[in-house]
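The primary structure of each chain is shown beneath.
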Amino acid sequence: ALAKLDRVLPEAVRGQVTALHDTLVLEAPAEAAAPLVMDKLAVLSQGVKAHRRVRLGYANKAGGKSVRDLEPYAVARRSGVWHAVGYCRLRKDVRTFRVDRIIEVSLRDETFTPPEPFDALSY
């Protein structure tokens, strides 16, 4: 059934679905994510798959806002919360960002080489 769906999907949608399938890391079976989170997961997954930077508008726990350029290594769900893990160009270190706190996300043209292997759930 999945192969049939894959054949009829428009190329742009097929790329998004493939990126999500190939890059999401789950701790346990996931319930459906909210539509706004799914949109962000789609862009983050494309960044992981294509090794392209993303720009995040992000709100921390206290509500402080920042803009970050992230080299996304993985997107993972742990304890019911989706996270993007990667190298933050601002902090010059690997950081984890809660997807539900991302205000906006966009795919950049810049590429990067991810560390191999990278275990998002262990990190």
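Residues numbered from 1 in each chain as written. Predicted model: local features only at pLDDT ≥ 70, side-chain atom pairs only at ≥ 80, totals over all residues. Heavy atoms only, no water.

K.L.:
I keep staring at the side chain of Lys40 and nothing clicks. Help me out?
P.N.:
Here Lys40 is to be found in helix α3 (residues 35–50). Comment: no salt bridge for buried Lys40; closest opposite-charge side chain is Asp100, at 7.9 Å. Apart from residues no more than four positions distant in its own chain, Lys40 is found in contact with Val99, Ile102, Ile103 and Val105. (Helix = DSSP H or I, 4+ residues; strand = E, 2+ residues; numbered from the N terminus. Buried < 20%, exposed > 50% of the residue type's maximum accessible area, 1.4 Å probe, protein only. Lys, Arg positive; Asp, Glu negative; His and termini not counted. Salt bridge = Lys/Arg side-chain N within 4 Å of Asp/Glu carboxyl O. Contact = heavy atoms within 4.5 Å.)

K.L.:
How do you make sense of the pattern of salt bridges when you look at a structure like this?
P.N.:
Two side chains bearing opposite charge may form a pair once their charged atoms approach each other closely. In this structure the tally under the stated criterion is 7 salt bridges. Note that Arg55 and Asp69 form a salt bridge whose closest N and O atoms lie 2.7 Å from each other. In this pair, Arg55 is assigned in strand β2 (residues 52–59) and Asp69 in strand β3 (residues 65–78), connecting sequence segments 14 residues apart. Each of the salt bridges in this network shares a partner with another, and the network as a whole consists of Arg53, Glu71 and Arg89.

K.L.:
Just to check I follow, could you spell out the packing of aromatic side chains for this structure?
P.N.:
The tally for this structure, following the rule as stated, stands at 2 aromatic pairs. With centroids separated by 5.0 Å and ring planes inclined at 85°, the aromatic side chains of Tyr58 and Phe97 adopt a geometry described as edge-to-face. With Tyr58 in strand β2 and Phe97 in strand β5 (residues 93–98), this residue pair connects regions lying 39 residues apart in the sequence. Residue classification places Tyr58 among the buried residues on the basis of a relative accessible area of 8%. (Phe/Tyr/Trp six-rings, centres within 6.5 Å; stacked < 30°, edge-to-face > 60°.)

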